[in-house]
Structures are given as C-alpha cells and as structure tokens.
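Chains, contacts and geometry: an overview
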Amino acid sequence: MKYKNIKILSFLVIQFLASKALNQTDYWNQKFDKGTIYTERPSKITKQVSKYIKGKHKILVIGGAYGRNAAFLANQGFDVTVIDISQTALDLGNTLFGHLNNLHFKKQNLLSLDFKDKSFDAIVGIYILNLFSSVKLNKIILNLKKILKDNGYFCCNFLSPDDDEFGYGKKIGHNTFIFEKNQLLKFYEKKELNNLFHKHGFIIDKIYKEKETRLLENLNKNITSISFVALARKK
C-alpha cells in the first residue's frame, strides 16, 4: 500500500509540474528564434530508419522542427509530411527546404492530430517522444496508430539512462526530470519500451541501442546521445 501511495504521489507531482511548465509551443518558438539548433544535417538514426522503411511511400515525421531529418527522407524519394507545434521552426524549414516538392510542413499537436485514419505508410520520430509524460505519450501513440496504415511502420528513438543528459535538472519521478524552463524529459529502459509497444498492439521488429554525437549549434557544444531505437509495425 505504501509503495502504491508513493507511485500516486509521484504521478501527481509530475502532472502538477508539467502544468506549470512554460507552454511547449512558446518554449520551442523561443529556441528556434535563434535559428537551427542541431545543424541542417540529419541524425544518423534517420539514415538507419530510411533503410527499414524502404519501399514505403507516404511518411510522417513527428516533432520534425525545421525538417533536417524530413528533408533527408524527401531526398531519398519519400513523400514526407513534417509536423511540429512551433510555427517558427516550420517557417525556418520552408526557408531551408522549401524547394523540395515532396516535403510538406504543417503545424499540428501530437495530442490532437488532424489527419484521416490510415493516412501514412510510416511514422518517424527522432528525439521527440522523451518530452512527454507517460500519460501523454500513451495518448500520442493511440493518435499515431489511428493515422498509420495497417502493417505501417512506426520508427522512433527514446533517450536511455546512459544518455549525457540523464540526471540533469530536478528529478520528479522514475527516470523523469524537469529541466530548462520546467520542461519535462523522461528516459526509458528497453523493457519499458517493449511493454509500451506490446500494450498498443505493435509488432516489434527490433529495439537496439544507438550512440550519436550531436552538435548543439546555438551553444557550440557537442553532446553524446545514447538512445533506444524502436522499429515496429502496426498489426
């Protein structure tokens, strides 16, 4: 009973602090006011994912910001839609990659998507899903599953506790922290991800750990990101 009460209290604390956080849209608009954050080059995880989804056509990149990963996929011949809550990031993306006719930028919130059911052959999310509480993440996955075609691919990565940023900020729950301007960052173990995808009825083809050095361009600083990459399919 005591353990259960602690879990309930932890959940309430996370929800309270998240409610007090700077609005995510305002936070990311402020970030992208300074220009590109992670350079214009794609993540190496995106390059790996592109091989997995080969043969698919219509791709959705979630939380894609100014489109560095989406532009790479578009250049591989995919028809790509990138969504983000930051209009500033999307405007920057149109400036950088607007010449690509098969790349489309749309402002949408993952918690309330506006697409028809079964619209996409694959969904790609790179360095995005750690930014939500467990409650919101489950809702997001339900939303994404609806707009993914049967046997469609869901490819995303989740920062692990081995990541450079683990432990930064104030701990408010299991592997969960509040960092800059009260933004939430949750880190995942492989077992958690297996349970998450099975819970939502996905077939897991592979979950593997990947290490990547990323340049935070606005800070002129390199960080080492260690994440789990999940490659899954909708039943």
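Before reading further, recall that the structure is shown in the block above.
Only a predicted model underlies this, so the values are computations on that prediction, with no experimental measurement involved.

**Concerning the overall build of the protein**
For the protein, the count of helices and strands is 7 helices and 10 strands. Looking at the protein as a whole, 54% of its 235 residues are labelled buried. By sequence separation, contacts in the protein at least 24 residues apart represent 69% of the contacts at least 6 residues apart.

**Re the pattern of salt bridges**
One pass over the full model with this rule turns up 7 salt bridges. A salt bridge links Lys-234 to Asp-150; its shortest N-O distance comes to 3.8 Å. Of this pair, Lys-234 sits in strand E10 (residues 221-234) while Asp-150 is found in strand E5 (residues 148-159), placing the two residues 84 residues apart along the sequence. You can call Lys-234 buried: its relative accessible area is 8%. Within this structure, Lys-118, Asp-150 and Lys-234 form a network of salt bridges that share partners.

**Digging into the sheet that holds strand E7 (residues 176-178)**
Paired through their backbone hydrogen bonds, the strands of a sheet run either parallel or antiparallel. With antiparallel pairing, 3 strands are arranged side by side in an open sheet as E6-E7-E8. At either margin of the open sheet sits one strand with a lone partner, and together these are strand E6 (170-173) and strand E8 (184-186). Taken over all neighbouring pairs, the strand axes of this sheet differ in orientation by 35° on average, direction set aside. Strand direction decides the pairing type here: E7 and E8, joined by 3 bridges, are antiparallel. Counted as the bridge partner of Phe-177 is Leu-185 from E8.

**Considering the pairing of E10**
Here E10 lies mainly inside the structure; 12 of its 14 residues are buried. Inspection of the sheet shows E5 paired to E10 by 7 bridges, in the antiparallel sense. In the strand pairing of E10, Phe-158 is matched with Phe-228.

**What about the side chain of Asp-163?**
Along the chain, Asp-163 falls in the loop between E5 and E6. Despite its burial, Asp-163 pairs with no opposite charge, the nearest such side chain being Arg-214 at 5.5 Å. A polar side-chain atom of Asp-163 sits 2.8 Å from the main-chain amide nitrogen of Glu-165. Excluding residues within four positions of it along the chain, Asp-163 makes contact with Phe-187, Thr-224, Ser-225 and Ile-226.

**With respect to the nonpolar core**
Ile-53, Leu-103, Leu-144 and Phe-154 are the most contacted members of the largest nonpolar core, which totals 72 residues. Considering each element in turn, this core owes the most residues, 7 residues, to E5. Not counting chain neighbours up to four residues away, the residues in contact with Leu-103 comprise Ala-70, Ala-71, Ala-74, Val-80, Val-82 and Phe-97.

Cut-offs applied
Residues numbered from 1 in each chain as written. Predicted model: local features only at pLDDT ≥ 70, side-chain atom pairs only at ≥ 80, totals over all residues. Heavy atoms only, no water. Helix = DSSP H or I, 4+ residues; strand = E, 2+ residues; numbered from the N terminus. Buried < 20%, exposed > 50% of the residue type's maximum accessible area, 1.4 Å probe, protein only. Contact = heavy atoms within 4.5 Å. Salt bridge = Lys/Arg side-chain N within 4 Å of Asp/Glu carboxyl O. Pairing = 2+ DSSP bridges. Axes fitted to C-alpha atoms, helices over the stretch in contact; angles between N-to-C directions. Lys, Arg positive; Asp, Glu negative; His and termini not counted. Polar contact = N/O pair within 3.5 Å; in protein donor to acceptor, adjacent residues only side chain to side chain. Core = buried A, V, L, I, M, F, W, Y, C linked by side-chain atoms within 4.5 Å.

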